[in-house]
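The chain contents come next:
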Amino acid sequence: MPLQSQDSPLGAFLKALRQEGIERILIGAMAAIEQGAPLMTVDYDFCVRLPEGRYVRLLAIVQRLGGTIRAQTLYELSDGTQVNAVFRPSGLRSFRAEWKECRVANLENVPVRVLPLERVIASKRAASRDKDLAVLPILERTLRLAKHLKRGSPRSKARSRPKK
């Protein structure tokens, strides 16, 4: 019998959310990191589409997977990975409006919507916590660079032209 790979605790959590029909968007620093921002963070923040009163569904998933409930919306998975469920992130539009703008990336072999860097910046600016304000220059620089690379640098095009 061939060896079967086991899911990481984060992968198992994401698969369980998908199986339960709980839509989620990766937001915060991890979303920025996934788009090239040179940041560090210790947790994964997910905006979840679930009425706040139904957060017990998340608790049940975490407990079923051997994780620990640290707070109503902060969970530690069995390997110590921290996950934060956010119901109403600062500075963001409706879940559906943000969902439409997200691209899909694979996180632990599970497709996950990722909040665009522009929207991560808007959320951090609206939250206005010291830790959020401190990373804004890095995020804005990363966004400028990404846009610059996407459209192509006039200098790089000029360098690539043959000399006459």
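What comes next concerns the included structure. (Residues numbered from 1 in each chain as written. Predicted model: local features only at pLDDT ≥ 70, side-chain atom pairs only at ≥ 80, totals over all residues. Heavy atoms only, no water.)

### Points about the overall build of the protein chain
Secondary structure assignment for the protein chain yields seven helices and seven strands. Along the protein chain, helices (α) and strands (β) appear in the sequence α-β-α-β-α-β-β-β-α-β-β-α-α-α when read from the amino end. In the protein chain, 59% of the contacts between residues at least 6 apart in sequence involve partners at least 24 apart. Counting only carbon and sulfur atoms, one obtains 50% of the accessible surface of the protein chain, whose full area is about 10300 Å². (Helix = DSSP H or I, 4+ residues; strand = E, 2+ residues; numbered from the N terminus. Contact = heavy atoms within 4.5 Å. Areas by Shrake-Rupley, 256 points an atom, 1.4 Å probe, with all protein chains shown as cover.)

### Details of the nonpolar core
In terms of nonpolar packing, the biggest core is built from 47 residues, with Leu-14, Leu-26, Phe-46, Leu-58 and Leu-139 touching the most fellow members. At five residues, helix H1 (residues 9–19) tops the list of elements feeding residues into this core. Those residues in contact with Leu-26 that sit more than four places away from it in its chain are Ala-31, Tyr-44, Asp-45, Phe-46, Leu-107, Val-112, Arg-113, Val-114 and Leu-115. (Core = buried A, V, L, I, M, F, W, Y, C linked by side-chain atoms within 4.5 Å. Buried < 20%, exposed > 50% of the residue type's maximum accessible area, 1.4 Å probe, protein only.)

### Quick notes on helix H3 (residues 56–64)
Turning to H3, its buried residues number three or more, namely Leu-58, Leu-59, Ile-61 and Val-62. Down the axis, H3 shows its buried residues gathered within 160 degrees of arc, on one side only. Relative to its buried face, H3 has exposed residues pointing more than 90 degrees away, namely Gln-63 and Arg-64. If you follow the buried residues of H3, they end up packed against H1, strand S2 (43–49), strand S3 (68–71), strand S4 (74–76) and strand S5 (82–86). Gly-66 lies just past H3 and shows a positive phi near 85 degrees. (Arc of directions from axis to C-beta.)

### Some thoughts on helix H6 (residues 130–151)
The terminal C-alpha atoms of H6 lie 33 Å apart, and with 22 residues this matches the ideal 32 Å at 1.5 Å per residue to within 8%. The principal kink in H6, of about 35 degrees, is found at Leu-136, preceding the proline Pro-137 by one to four residues. Buried residues belonging to H6 abut helix H2 (28–34) and helix H5 (117–127). In the segment just after H6, Gly-152 is the residue with positive phi, at about 90 degrees. (Expected span 1.5 Å × (residues − 1). Bend = angle between axes of the 7 residues up to and from the residue.)

### As for the packing of H1 against H3
For the pair H1 and H3, the least separation of the axes is 10 Å and the interaxial angle reads 140 degrees. Here H1 lies oblique to H3, going by the angle between them. The two elements H1 and H3 meet at a crossing, and its hand is right-handed. On the side of H1, the interface is formed by Phe-13, Ala-16 and Leu-17, while H3 contributes Leu-58, Ile-61, Val-62 and Arg-64. Here the residues of the contact of H1 with H3 are counted per class, giving six nonpolar, no polar and one charged. (Axes fitted to C-alpha atoms, helices over the stretch in contact; angles between N-to-C directions. Parallel < 35°, antiparallel > 145°, perpendicular 65-115°, else oblique. Left-handed = near helix turned anticlockwise from the far one by under 90°. Nonpolar A, V, L, I, M, F, W, Y, C, P; charged D, E, K, R; others polar.)

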